[in-house]
Amino acid sequence: MMLRVDPAQEEIELQNPMRREWLKRGGLVVAFMWLGGVSRVWGFPEGTRLNADDPRFAPNAFVRVGSDGSIQLVMPCIEMGQGAYTGQATLLAEELDVGLDQITVEHAPANRKLYANPLLGDQATGGSTTIRFCWTSLRDAGAAARSMLVAAAAQRWKVDASQCTVTRGVVTHTSSGRTLRYGELANAAANLAPPAKPVLKDPKDFQLIGKPMRRVDTPGKVDGTLPFGIDIRVPGMKVATVRACPTFGGTLASVDDTRARAIPGVLKVVRLDNAVAVIGEHFWAAKKGLDALTIQWNLGAGRDFSTEQLFKDLADASEHGTPILGREVGNVDKVSGKVVSATYQLPLLAHATMEPINATVHVRPDGCDIWVGTQVPARCVDVAMRVTGLPAERIQVHNQYMGGGFGRRLFEDSVGQAVGIARQVDYPVKVIWTREEDIAQDRYRPAYYDRISATLDDQGRPLAWTDRTTGASVLATFAPPAMGKNGLDSDLVECAAELPYEVPNLRVDWVRHDMPNGVPIGWWRGVGPTHNVFVVESFVDELAHTVGKDPVEYRRAILGDNPRAKAVLELAVEKSGWGKGDMPARHGRGMALAAPFGSYLCVVTDVEVSPQGEVMLRRAVAVVDCGTVVNPNTVEAQVQGGLVFGWSAAMYSGITLKNGAVEQRNFNDYRVLRLNQTPPIEVYLVPSKESPGGIGETGTVMAMPSLTNAIFAATGVRLRTLPIDRSALAQNKDALKSVLSATSSASSTGRLA
Amino acid sequence: MKIRRVIGTFIGAVVLIAVGFTVYAWVSVTHGGNEQAVQPAGAGTPADLSSQMARGEYLVRAADCEACHTTPGGQPFAGGVAFKLPFGTIYSSNITADRETGIGNWSDDEFVRALHAGVDKEGRPLYPAFPYTSYTALSRDDIVAIKSYLFSLPPVHAQARTNDLSFPYNQRWALSLWNALFLKKERFQPEQGKSEVWNRGAYLATALGHCGECHTPRNVAFAMDNGKALAGSELQGWKAYNITSDKEHGVGAWSDQELIDYFSKGHAAGRGTASGPMGEVVGYSLQYLTPSDLSALVTYLRDVKPQQGGLTMSSPTAPVPASAVATASLGEQLFVGACTGCHTQSGQGRETDYAMLTGLRSVRDPHATNLTRIIISGSALHVGGQEIFMPSFGRAYSDAEIAALSNYVVQHFGGQQGQLSAADIAQRRQP
Amino acid sequence: MIALSINGQDTQVDVPDDMPLLWVLRDVLGLNGTKFGCGMAQCGACTVHLDGEAVRSCVLPVTGAVGKKITTIEGLSATDLGKRVQQAWLGIEVAQCGYCQTGQIMSAAALLTQKPTPTDEDIDTAMSGNLCRCGTYVRIRAAIKQAATGQITLPQTIA
Ligand code: FES
Ligand code: FES
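Residues numbered from 1 in each chain as written. Chains lettered and ligands numbered in written order. Predicted model: local features only at pLDDT ≥ 70, side-chain atom pairs only at ≥ 80, totals over all residues. Heavy atoms only, no water.

Trainee: Explain the interface of chain A and chain B to me, please; I cannot follow it from the model alone.
Mentor: Where the parts come together, the accessible area they lose is often given as the size of the interface. Listed per partner, the contact involves 28 residues of chain A and 32 residues of chain B. Both sides together, the interface formed by chain A and chain B hides about 2400 Å², and carbon and sulfur atoms give 51% of it. Taking the shortest distance from any N to any O, the salt bridge between Arg726(A) and Glu401(B) comes out at 2.7 Å. Taken together, the links from chain A to chain B amount to 14 residue pairs in polar contact (both at pLDDT 80 or more). Class assignment of the residues belonging to the side of chain A that touches chain B gives a composition of 6 nonpolar, 14 polar and 8 charged. (Contact = heavy atoms within 4.5 Å. Buried area = accessible area lost by both parts, 1.4 Å probe. Salt bridge = Lys/Arg side-chain N within 4 Å of Asp/Glu carboxyl O. Polar contact = N/O pair within 3.5 Å; in protein donor to acceptor, adjacent residues only side chain to side chain. Nonpolar A, V, L, I, M, F, W, Y, C, P; charged D, E, K, R; others polar.)

Trainee: Is there a simple way to think about the pairing of strand S22 (residues 505-512) of chain A in this case?
Mentor: Regular strands place side chains that alternate from one sheet face to the opposite one. Residues and elements named next belong to chain A. Most of S22 sits out of view: 6 of its 8 residues are buried. Two elements, strand S21 (residues 462-471) and S22, share 8 bridges in a ladder whose sense is parallel. Its bridge partner being in S22, Asp467 is matched across the sheet by Val508. (Buried < 20%, exposed > 50% of the residue type's maximum accessible area, 1.4 Å probe, protein only. Helix = DSSP H or I, 4+ residues; strand = E, 2+ residues; numbered from the N terminus. Pairing = 2+ DSSP bridges.)

Trainee: Before we go on, may I ask you to explain the sheet that holds strand S25 (residues 615-625) of chain A in this structure?
Mentor: The strands making up a sheet associate through backbone hydrogen bonding, with each pair oriented either parallel or antiparallel. Residues and elements named next belong to chain A. Pairing is mixed across the open sheet formed by 4 strands, whose spatial order is S23-S24-S25-S28. Each edge of the open sheet carries a strand with a single partner, namely strand S23 (587-594) and strand S28 (681-685). With direction set aside, neighbouring strand axes in the sheet form an average angle of 15 degrees. As paired elements, S23 and strand S24 (residues 600-609) share 8 bridges and run antiparallel to each other. Bridge pairing in S24 links Arg589 to Asp606. (Axes fitted to C-alpha atoms, helices over the stretch in contact; angles between N-to-C directions.)

Trainee: I keep staring at a nonpolar patch on the surface and nothing clicks. Help me out?
Mentor: Residues and elements named next belong to chain B. Judged by side-chain polarity, Ile3, Ile7, Phe10, Ile11, Val14, Val15, Val19, Val23, Trp26, Val27 and Trp173 come together as a nonpolar surface patch covering roughly 1100 Å² of accessible area. Top contributing element to the nonpolar patch by residue count: helix H1 (residues 2-28), with 10 residues. Checked against the element boundaries, Phe10 lands in helix H1. (Patch = residues over 30% accessible without salt bridge, like charges linked within 9 Å, V, L, I, M, F, W, Y side chains within 5 Å. Areas by Shrake-Rupley, 256 points an atom, 1.4 Å probe, with all protein chains shown as cover.)

Trainee: When you look at the domain arrangement of chain A in this model, what are you seeing that I'm missing?
Mentor: All names here are of chain A. One can read the domain layout of chain A as domain 1 (36-220), domain 2 (229-300 + 357-432) and domain 3 (317-348 + 444-747). Between the C-alpha centres of domain 1 and domain 3 the distance comes to 39 Å. Taking both sides of the interface into account, the surface hidden between domain 1 and domain 3 amounts to around 1200 Å²; carbon and sulfur atoms contribute 58%. For the domain 1 face of the interface with domain 3, the top three residues by lost area are Ser128, Arg132 and Trp135, together amounting to 38%. Scanning the region where domain 1 abuts domain 3 turns up 0 salt bridges. Looking at the side of domain 1 that touches domain 3, the elements that each hand over two or more residues are helix H3 (84-96) and helix H5 (130-134). (Domains from an automatic or database assignment.)

Trainee: I keep staring at the confidence of the model for chain A and nothing clicks. Help me out?
Mentor: Residue and element names in this part refer to chain A. The predicted model of chain A has a mean per-residue pLDDT of 90, with 91% of residues at 70 or higher. A low-confidence stretch, residues 1-25 stays under pLDDT 50, and its non-local contacts, those more than four residues away or across chains, total 55 contacts. Here residues 33-43 is modelled with pLDDT under 50, and outside its nearest four sequence neighbours on either side it reaches 46 contacts, counting other chains as well. (pLDDT = per-residue confidence, 0-100.)

Trainee: Honestly, the interface of chain A and chain C in this entry has me stumped. Any pointers?
Mentor: Across the boundary between the two partners, chain A contributes 71 residues, which contact 57 residues of chain C. Interface of chain A and chain C: buried area, both sides summed, is about 5400 Å²; carbon and sulfur atoms make up 56% of it. Along the contact surface separating chain A from chain C lie 5 salt bridges. Ionic pairing is found between Asp231(A) and Lys35(C), a salt bridge with its closest N-O pair at 2.4 Å. When contributions to the side of chain A that touches chain C are tallied by element, the ones reaching two or more residues are helix H8 (219-222), helix H10 (283-291), strand S19 (429-432), helix H14 (435-440), helix H19 (632-651) and S28 of chain A. No other element matches the 10 residues that H19(A) contributes to the side of chain A that touches chain C. Residues belonging to the side of chain A that touches chain C are distributed by class as follows: 35 nonpolar, 20 polar and 16 charged.

Trainee: Whenever I open this one, unusual backbone geometry confuses me. Can you help?
Mentor: As a rule of thumb, non-glycine residues mostly have phi less than zero, and peptide bonds are mostly trans rather than cis. For the peptide bond that leads from Leu722(A) to Pro723(A), omega is -10 degrees, which places it in the cis range. Its place among the elements puts Pro723(A) in the loop between helix H20 (698-715) and helix H21 (733-737). One non-glycine residue, Phe77(B), adopts positive backbone phi at about 70 degrees. Positionally, Phe77(B) belongs in the loop between helix H3 (65-69) and strand S1 (82-85). For Phe77(B), a relative accessible area of 4% gives the class buried. In this structure, Gln236(B) takes a positive phi of about 50 degrees despite not being glycine. Tracing the chain through its elements places Gln236(B) in the loop between strand S4 (233-235) and strand S5 (238-240). Residue Gln236(B) is classed as partly exposed on the basis of its relative accessible area of 38%.

Trainee: Even after reading the chapter, I still don't get the packing of helix H6 (residues 137-157) of chain A against helix H7 (residues 182-189) of chain A, so can you show me in this structure?
Mentor: Any two packed helices are characterised by how steeply their axes cross, that is the angle between the axes, and by the distance between the axes. Residue and element names in this part refer to chain A. Put simply, H6 and H7 touch, their axes get as near as 9 Å, and they point 90 degrees apart. In terms of orientation, H6 lies roughly perpendicular with respect to H7. Packed against H6, whose contacting residues are Arg146, Met148, Leu149, Ala152, Ala153 and Arg156, the element H7 presents Tyr182, Glu184, Leu185, Ala186, Ala188 and Ala189 at the interface. Looking at the contact of H6 with H7, its residues break down into 9 nonpolar, no polar and 3 charged. (Parallel < 35°, antiparallel > 145°, perpendicular 65-115°, else oblique.)

This is the structure in structure tokens:
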């Protein structure tokens, strides 16, 4: 899986065609490729010992074996809830032949050379790439370590290595029955050379891969001992909280801090270009101090901007802007037939990770330490260099567990801000954003305006398909050089350009319309596919209903030769009971089918809509083919969680701007799904021998269209704008006038009776 | 023919009287009554006023000037607060000492006249959203003290917003007719036979605190119906409850301590928490009253003629048990998700007493007038240097949800059959 | 000085009266298992027990906890029930990022103290004040049932 980047050609070449396909799609993936320009597999350090002070056997960047028998695995991809540590540890442990209970995991330090994700080309976690791209490299690393440890044993026994087996870290010479533990071999192994080409296990011999292994990170999560970034305490540390200018691109004009400084526990008021922070003995003092400031802002050019304006501008750009071609097949203009068109609109979205944004920073004249949970440790070093002027080797990023990422922690803006605060004092400062700040200063999923149309043949199948998306490019802000040759951001057309369906003539293009006035945008769980699959799968549902076909029948008819998609569809039909039995009035069942991130999914969501328009989720069935499954337990959890995340957004979430500032503040107005609104979710995995696909974001991608299609089935109302407008779903005007009795029989739970 | 003549004479008489009255109104408009009356007993500042606070500041607080003349987050006393009236919107004025946009070049006499007669510096009538109908009872000394305190603060340059009223309400001359009919330009007179404490309470409640402006029902001409003083009213979408001494409908059953707690902390356990406009009254005004003034206020309210009407007080009871139906209602579903964190399932408000729901009048109101306001817009109470707040849920929760939630709350905690529909909430959202 | 009883230990803290218990626990006493999520009783990440009842420590002024028994996640395993809940959480593999989970577990333990065999509605009522952005709700339900009944539920539904 060597891959090569040739900046001159602005093209990415891969030896493996399947990976080429993944690469073509996915702005995030392309972005990182470009940043790093990495052209090598996982780096191996020189030598096989960690360093002079630490004599542990360290055959590569990922495995450490101490002579006491301890085994540490170093995690190149960060854990933010998606089970990455367990998955990565499983790959390493499988080839190393140890149990997950025998190892401990460590966060990798910031080091692009050693820990750059070979596909992302940077030290980063995102784009549902962890398992896809650790699949070979981490198994290589484990196998290399194992072969060196076995070689050391064989040397000691003076036998051939092939006569030795390993179980749970114990090497056995089969014929003599002699055994040696890894710990006993660590020193000797460190003097051997790593194998040029480690031999990997035959998948049929897998002991761990494919089994529902216990997660390695959960014990500390149920007893409260596992520290997240926000839990860091370092000696002499103080706590700060911050408020940035409510409009983007605005600056700080003046602060009156007389009242704040009088509050006991307030230590210092720190001014930044566009923000004020208060440092206190504890968060409460800092927060009270912040609230006591009288702040004047220069609101800047964005002061009048609103989301109404944004959508007007997007609609206008969609009509009059210059499209950039994403993909063209055949000639859509040469086709005639019945034309169906629709317009879709998606809102700005915040991440609202449970752990609010935070970073702990100590800046000294000779160095800088940063404790933070980040998806991009190396980028955090970069930003600290810029702010402090210190060289990279003087900056240490101590990565931490994250209370959710969802793309938010791919951005190091808050780390830069924290360094900016910490450099004004000589003690370490933990900067914690309030939830209000976390929502008002996020990097938002951009808003989109999409026009889509199909020309149907006499069977109702699409002969031609055009899909024009209009919106901002995250890639262009995140990694400008990664933009395609013709200015294309591949993320904008991911899962729109390549459909699971057979469409002989197709044109998918994009009109770039960047957010004005520096409104910050970012990657959000599911990235391009979350946006495009909503549009495509809603529209396929519209087409089915337009031609009077059942949505499943219709999909079957247009799928063509696509066995993996067919398999998930058919299993979903079976498990959901699609088409069997009548649903009560105002109940509906909706489907979505797609192939995001190299996996295939079909999700069926059941809803009930009250006469007043309230939507209640009743049940969901998700069928997944994500190729070879490393941990079915994690796959199930990710799909369940991803669905909840997506439904939340579709039902309630939308960031709106007024007078240039975000209107939402906290979970009271940036609402998310609660337990009593969550239905039972069944996840079925289709056995597959294909290479692993991504899973972390897939549920989110599928949630939105399966929900709105179900609402259509229940009410006949097509929702083309998110979040859904529940007032549009009322049965009739009179329903809204009927008293909502407190003891009405609307079921509170998602469970079926 | 006779008939015609009679009618003609009648019309003539009416016109004549009208003209005469208008002339009278015009002439009397700027007249504030007896401006030289001596400071009566009961006026001024209390003996137990701490030396920290200036006399004028205390009176400004007691008269609750700041609430109406300060926008949320805005400069104190710089005006601009919108008052949405049935016939349009008016904005409060800048009462800082700024010479251009405030009252910096008003003389003492002009300021006194403004409060006594309800006219501006030029003698033009002010809208009675400015409670001059109550302030007219203030003593001249107190008004001058108020002015000198306002003038001791930094002037704020902030142009007043122009009112947005439709015809004929934008015709200020009509106000002089209204004043001629409804404004009694009389100073406070201590009532003989009542104690000194009672009279102080009366001065606080009527002249300074102008309680009646919200709590006394208004007649068709929008004037306070003093026959029903403090019997409760509704304005700007809020219910101002009956605060007469009636035990069932008013606050007669509250203990002295409960009343004092409510005034000074904005909360009386099992009785109520001040929110909305009353939260502002507590935050800007009542919490600063001295102990002697608080008891004076209590003494006076205890003696206010009991009036029936409005919601009955509930004794602090346990909530009606959660609905026994197998599946919970939408309202309950919302309550357990977004509300129990503070209010708790039992309504006892474990984290903070202020979140106690049981016993409140607002949860005994089947129309849930104040309750829906608070759910939609939230509530904030600044008291004792702390902020006690409830977030707003209006933006992310639908009309049907807020209706269902309100109906659940009034049923569960107030034993009332909630009557709200989604359409009602839609209407209440209208600004 | 304010006297508190936390996880069976008496402690004195010198903090302002209105400081929420959450920050006393986290920033003064270093008990970091209790999390900050919203600061306005909307998410439940800060849930602790006050005399056995689940409360949101982010809106509980420290003075409100005086004279009461405070239990945080760090002290939960002192009881059998607490252990059982934590065990069920591990068994069902509930946690994803884990940030909300200490609060979830505290709410669940309070529920099971009051209702040892909760119905689905009881679970909904007790647990809906705790948000989970990772969306672990389905497994939270299963884990509470497992803790209540002792019956092992498999998390997987694999075809
Ligand atoms: S932090 Fe206390 S409920 Fe969210
Ligand atoms: S596990 Fe991440 S928020 Fe609940």
